[in-house]
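Structural features, examined
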Amino acid sequence: MDSFDYFQLINLSIFYLIFIGRIVQLILSGINPIVLGTERGRVRAYLEKSIFFGLALWTFEAVSICLGLEFHLFSDLRLFSIMPLRISGVILEAAAMIIFVFAVFSFGRSWRVGIDTKTAGKLVTGGVFSVTRNPIFLFLNLFFLGTFLIYPTIFFAVSAFVVVLGNHLQVIQEERFLEKQYGKEYLEYKRDVRRYL
């Protein structure tokens, strides 16, 4: 293991501790934070629910590469080995983690995985949301791109592409919901704060 591997494992550990911790905290306070695949067509619901399976595969592959395991679900053949790109990946991931931490705390009790049409909280516009309307999606995009730059395999390249594209499509869905849910308040916020940066 090298310093890149330790960095990746630490970031993954921090992400999962915060992610699972926030889910448990909200469930204990009577809020269901996982609202993927509800109130939509079967295909879309299936795709949304498969996100967790994809994340588990991605995490397994990342951890197996970091630990130098011989078993990989996908080829660990590197497409290139350019140190400045690996360092750029570290910078992207570090920025992503900072955004993620601020986003989770800015969200407060309004944090959900998916679009909650039944118990939507108040519109969150403070904290990191005053800089980007979609800090969680920005985090995911930067994190997956950073991982690809650190470990430039075909699997991580495809994963980054799918995540960035999927996030953008989800953002468009959420924007439609937020316009309907919050009306003028959201439109003013949308005018003042950019979608990503």
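Figured I'd write up the structure that's included with this text. Quantities reported herein were computed from a predicted structural model and do not represent experimental measurements.

Conventions and cut-offs
- Residues numbered from 1 in each chain as written.
- Predicted model: local features only at pLDDT ≥ 70, side-chain atom pairs only at ≥ 80, totals over all residues.
- Heavy atoms only, no water.
- 1 Å grid on protein atoms, 1.4 Å probe; cavity = no way out; pocket = protein on both sides within 12 Å on 5 of 7 lines; lining within 4 Å.
- Points joined across faces, edges and corners; volume = space filled by probe spheres on them.
- Helix = DSSP H or I, 4+ residues; strand = E, 2+ residues; numbered from the N terminus.
- Nonpolar A, V, L, I, M, F, W, Y, C, P; charged D, E, K, R; others polar.
- Buried < 20%, exposed > 50% of the residue type's maximum accessible area, 1.4 Å probe, protein only.

Take empty space enclosed by the protein next. Under the counting rule described, the total for this entry stands at one cavity of 30 Å³ or more. Estimated volume of the largest cavity: approximately 50 Å³. Forming the walls of the largest cavity are Leu12, Phe15, Leu55, Trp58, Phe139, Leu140, Phe143 and Phe144. Counting only elements with at least two residues in the lining of the largest cavity, the list comes to helix 1 (3–28), helix 3 (51–66) and helix 5 (135–150). Among the residues making up the lining of the largest cavity, the classes are represented as eight nonpolar, no polar and no charged.

By the element assignment, Gln170 lies in helix 6 (residues 154–182). A relative accessible area of 13% means that Gln170 is categorised as buried.

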